[in-house]
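What the coordinates show
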Number of protein chains: 2
Amino acid sequence: MSEKHPELNLDNQLCFSLYAASRHITRLYQPMLKQHNLTYPQYIVLLILWQKDGMLIKDIGERAQLKSNTLTPLLKRLEQNGLVTRQRDSEDERQCYVYLTEQGKNLESLCACIPSQMLKQTEMPIEKLIELKQLLDQLVVKEVHGK
Amino acid sequence: MSEKHPELNLDNQLCFSLYAASRHITRLYQPMLKQHNLTYPQYIVLLILWQKDGMLIKDIGERAQLKSNTLTPLLKRLEQNGLVTRQRDSEDERQCYVYLTEQGKNLESLCACIPSQMLKQTEMPIEKLIELKQLLDQLVVKEVHGK
DNA sequence: AACATTTAAATCGTGCACGATTAAATCACT
DNA sequence: AGTGATTTAATCGTGCACGATTTAAATGTT
């Protein structure tokens with residue numbers, strides 16, 4: 001066991017805990033999302049559209065922190081599955097609006113139980129989860145300003 | 001703005017904060033890793049091997065929480081780049097050991113500055129980062145037991 | 001010894017992520 | 001009006017992640 005560089009010990013790396021925890025939580029979502037034929041990033045995009053229908057891809061991207069190279073194919077899949085439609089802005093043909101279909105809107109109620117089921121599975125007290133979320137958001141906020 | 005299902009508000013979703021923070025931190029690593037022609041998951045695997053050289057793929061996978069379907073191609077790329085070699089166990093031909101090459105070993109010292117540079121970039125006090133890491137690890141530990 | 005079971009790695013297919021580039025529309029400025 | 005810069009989405013290529021399957025080797029059981 002090398003101890004030349006203890007700062008490189010995996011157990012000291014916040015980055016790895018973050019990476020592992022994120023994938024772990026995504027895996028926990030899979031069984032529930034699979035019932036609705038959704039992937040986790042698709043679910044994120046739907047969360048955004050359920051809050052505000054008819055958004056521009058650009059604005060969805062800002063909210064989800066994803067660019068068109070990820071969103072365009074993802075939205076095409078959602079469209080193929082009948083959950084959204086895409087429509088160019090007639091005022092500015094560069095832009096593209098995304099609208100929920102009826103099926104996409106109806107899915108919201110069906111997914112409403114997911115957050116509470118997830119909370120149950122994590123088995124961590126709600127105060128700790130809130131604390132964790134705040135710390136995570138602080139970690140990201142810095143760079144948004146710096147940009 | 002739909003408020004039928006406030007539990008689905010993106011801003012209330014720990015999962016999204018986790019997902020966004022993880023990708024954010026990975027992006028922060030990119031410039032430093034690119035200098036050594038490494039991706040972030042490759043760096044994770046090297047962190048593991050720097051701690052203990054000559055591990056089985058199975059054990060690397062347990063440590064990194066990755067299976068062979070992810071590790072095999074990743075290790076082939078590390079091998080192509082001259083950082084590791086792979087060798088079947090002659091006692092048990094199913095198993096495969098991964099060894100650092102000289103170049104792979106030498107890279108450790110070159111990467112030793114990365115953690116401190118990352119700490120600088122996050123601009124979050126070290127106590128908060130430690131707290132964050134502990135919470136993340138608690139989130140994951142539960143499922144390992146349940147499994 | 002024969003055969004079912006288990007294990008480890010590799011393979012396959014799908015869907016992200018993301019850097020880089022492209023194409024088209026709009027804007028800004030002369 | 002003309003043209004260079006900017007904006008938006010799409011496209012392209014690479015490398016993960018991961019469920020599912022396959023292959024080969026080892027193990028267990030009769």
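Structural notes, computed from the coordinates.

Scoring rules and cut-offs
- Per-chain numbering applies: the sequence of each chain, read as written, is numbered from 1 onward.
- Note on labels: chains are lettered from A, ligands numbered from 1, in written order.
- Confidence filtering applies because this is a predicted model: local features only for residues at pLDDT of at least 70, side-chain atom pairs given and counted only at 80 or more, and all residues used for totals across whole chains, interfaces and linings.
- Derived side-chain values reflect all non-hydrogen atoms in the structure, with water molecules and hydrogen atoms excluded from consideration.
- In short, DSSP must find at least two bridges between two strands for them to pair.
- Secondary structure is summarised from DSSP: a helix means a run of H or I of at least four residues, a strand means a run of E of at least two, and numbering begins at the N terminus for each.
- We call two residues contacting when some pair of their heavy atoms lies within 4.5 Å.
- Axes here mean lines fitted to C-alpha atoms, for a helix over just the part in contact, with angles spanning 0 to 180 degrees between N-to-C directions.
- Throughout, near means a residue has at least one heavy atom within 4 Å of the molecule or strand.
- The definition of a polar contact used here is a pair of N or O atoms within 3.5 Å, where within protein one atom must be able to donate a hydrogen and the other to accept one, and adjacent residues in sequence count solely through side-chain atom pairs.
- Each of two parts loses accessible area, computed with a 1.4 Å probe, when they are put together; buried area is these two losses added.
- Salt bridge, as used here, is a side-chain nitrogen of Lys or Arg placed within 4 Å of a carboxyl oxygen of Asp or Glu.
- Put simply, Ala, Val, Leu, Ile, Met, Phe, Trp, Tyr, Cys and Pro go in the nonpolar bin, Asp, Glu, Lys and Arg in the charged bin, and everything else, Gly too, in the polar bin.
- Three labels apply to residues, based on accessible area from a 1.4 Å probe with only protein chains included: buried if under 20% of the type maximum, exposed if over 50%, partly exposed otherwise in between.
- Note that the arc is defined by the directions from the helix axis to the C-beta atoms.

**With respect to the sheet that holds strand β2 (residues 84-88) of chain B**
Residues and elements named next belong to chain B. Taken in spatial order, the 3 strands line up as β1-β3-β2 in an open sheet, and their pairing is antiparallel. Only two strands of the sheet have a single neighbouring strand rather than two, namely β1 (55-56) and β2. Bridge analysis of β1 against strand β3 (residues 96-100) gives 2 bridges, and the strand direction is antiparallel. Paired with Leu56 across the two strands is Tyr97, which belongs to β3.

**Description of the sheet that holds strand β1 (residues 55-56) of chain A**
All names here are of chain A. The strand order β1-β3-β2 describes an open sheet built from 3 strands, whose pairing is antiparallel. At either margin of the open sheet sits one strand with a lone partner, and together these are β1 and β2 (84-88). Inspection of the sheet shows β2 paired to strand β3 (residues 96-100) by 5 bridges, in the antiparallel sense. Within β3, the residue paired with Arg86 across the bridge is Val98. Here helix α2 (residues 40-51) sits on the sheet in contact with β1, β2 and β3, set at roughly 85 degrees to β3. Together, β2 and β3 form the strand contacts of helix α4 (residues 68-80), whose direction differs from that of β2 by roughly 125 degrees.

**Overview of the protein's contact with DNA strand C**
Near DNA strand C there are 27 residues, and of these Thr39, Asn69 and Arg77 of chain A together with Tyr19 and Thr72 of chain B occur at the shortest range. Of what DNA strand C places within 4 Å of the protein, 71% of the atoms are sugar or phosphate. The separation between a phosphate oxygen of DNA strand C and a polar main-chain atom of Lys58 of chain B is 2.7 Å. The contact in question runs from a phosphate oxygen of DNA strand C to an N or O atom on the backbone of Cys96 of chain B, over 3.0 Å.

**With respect to the interface of chain A and chain B**
In many reports, interface size means the accessible area that the parts give up when they come together. If you look at the interface, chain A gives 59 residues, while chain B gives 59 residues. Carbon and sulfur atoms supply 65% of the area that chain A and chain B bury against each other, a total of about 6100 Å² over both sides. Per-residue buried area on chain A facing chain B is highest for Leu8, Tyr19 and Gln51 of chain A; these three make up 11% of the total on that side. Run the count over chain A and chain B and you get 0 salt bridges. Inspection of the chain A/chain B interface yields 16 residue pairs in polar contact (both at pLDDT 80 or more). The set of elements that each furnish at least two residues to the side of chain A that touches chain B consists of α1 (14-34), α2, α3 (57-64), α5 (102-111), α6 (114-122) and α7 (126-146) of chain A. Of the residues belonging to the side of chain A that touches chain B, the class tally is 32 nonpolar, 13 polar and 14 charged.

**A closer look at the environment of Arg27 of chain B**
Residues and elements named next belong to chain B. Looking at the secondary structure, you find Arg27 in helix α1 (residues 14-34). Arg27 sits in the partly exposed class, given a relative accessible area of 40%. For the pair formed by Arg27 and Tyr40, sequence separation is 13 residues and the distance between their alpha carbons is 8.8 Å.

**Some words on α6 of chain A**
Residues and elements named next belong to chain A. Of all the residues in α6, the buried ones are Ile114, Pro115, Met118 and Thr122. Burial along α6 is one-sided: seen end-on, the buried residues are contained in an arc of 95 degrees. Of the residues flanking the end of α6, it is Glu123, one or two places downstream, whose phi is positive at about 55 degrees.

Everything listed is a geometric property; what it means functionally is a separate question.
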